[in-house]
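What the coordinates show
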Amino acid sequence: MALVNAGVVVLDCAEPEKLAEFYKGLLGAEESEATANRIEIEGPGGFRMAFRRDVNATPPSWPRPENSLQVRLDFVVDDLDEAERAIVGLGGRPVEAKDPAGPHEERGFSDPAGHSFTLRGAVAPTAPKQG
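Described below are features of the structure shown in this document. Fair warning: this is a prediction, and the values are worked out from it, not measured in the lab.

Residues Leu 80, Ala 83 and Ile 87 constitute the buried set of helix 2 (residues 80–90). Relative to the axis of helix 2, the buried residues are bounded by an arc of 65° and lie together on one face. Away from the buried face of helix 2 by more than 90 degrees, exposed residues Arg 85 and Gly 89 are located. Where helix 2 is buried, its residues meet helix 1 (16–27), strand 5 (72–77), strand 7 (106–110) and strand 8 (116–121). Taking the backbone nitrogen of Asp 81 as reference, a side-chain oxygen 3.0 Å away marks Asp 79 as the first, capping residue of helix 2. Following helix 2 by one or two positions, Gly 91 adopts a phi angle in the positive range, close to 110°.

Here's what the structure looks like:
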């Protein structure tokens, strides 16, 4: 028997309203709860995230070593190019990261508050990586 019934990924940030809008667009989510200092969203399949106001929040600098990685979210997408265009349109930024050793192509990004996340293609490419 599980001790926990449900979980929520919570990110601290200076502007939870702005970050909630970004992730609602990324995940196709809806706002499920909001207070002055916390906004929660729920995406298809019940995936939940919340954004808590912390005016002193400092984003990690990953992949640079000055401020170590605190957390990174991984998302699986069908079309990496289409997802990247949408993320940039929502205010996210690509980050340079080393090519992963695994079979799936991955791309690193940061959300508007600087939290890191990775997109991974749902299907492994059939051709070997070049370069």
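The next subject is the nonpolar core. Most often, soluble globular proteins have nonpolar side chains that are buried together. Core analysis: the biggest nonpolar cluster contains 21 residues, and Tyr 23, Ile 41, Met 49, Phe 51, Phe 117 and Leu 119 have the highest contact counts within it. At the level of secondary structure, the elements contributing two or more residues to this core comprise strand 1 (9–13), helix 1, strand 3 (38–42), strand 4 (48–53), strand 5, helix 2 and strand 8. Top contributing element to this core by residue count: helix 1, with five residues.

What counts, and where the lines are drawn
Residues numbered from 1 in each chain as written. Predicted model: local features only at pLDDT ≥ 70, side-chain atom pairs only at ≥ 80, totals over all residues. Heavy atoms only, no water. Buried < 20%, exposed > 50% of the residue type's maximum accessible area, 1.4 Å probe, protein only. Helix = DSSP H or I, 4+ residues; strand = E, 2+ residues; numbered from the N terminus. Arc of directions from axis to C-beta. Contact = heavy atoms within 4.5 Å. Polar contact = N/O pair within 3.5 Å; in protein donor to acceptor, adjacent residues only side chain to side chain. Core = buried A, V, L, I, M, F, W, Y, C linked by side-chain atoms within 4.5 Å.

Spatial relationships are all this shows, so hold off on functional conclusions.
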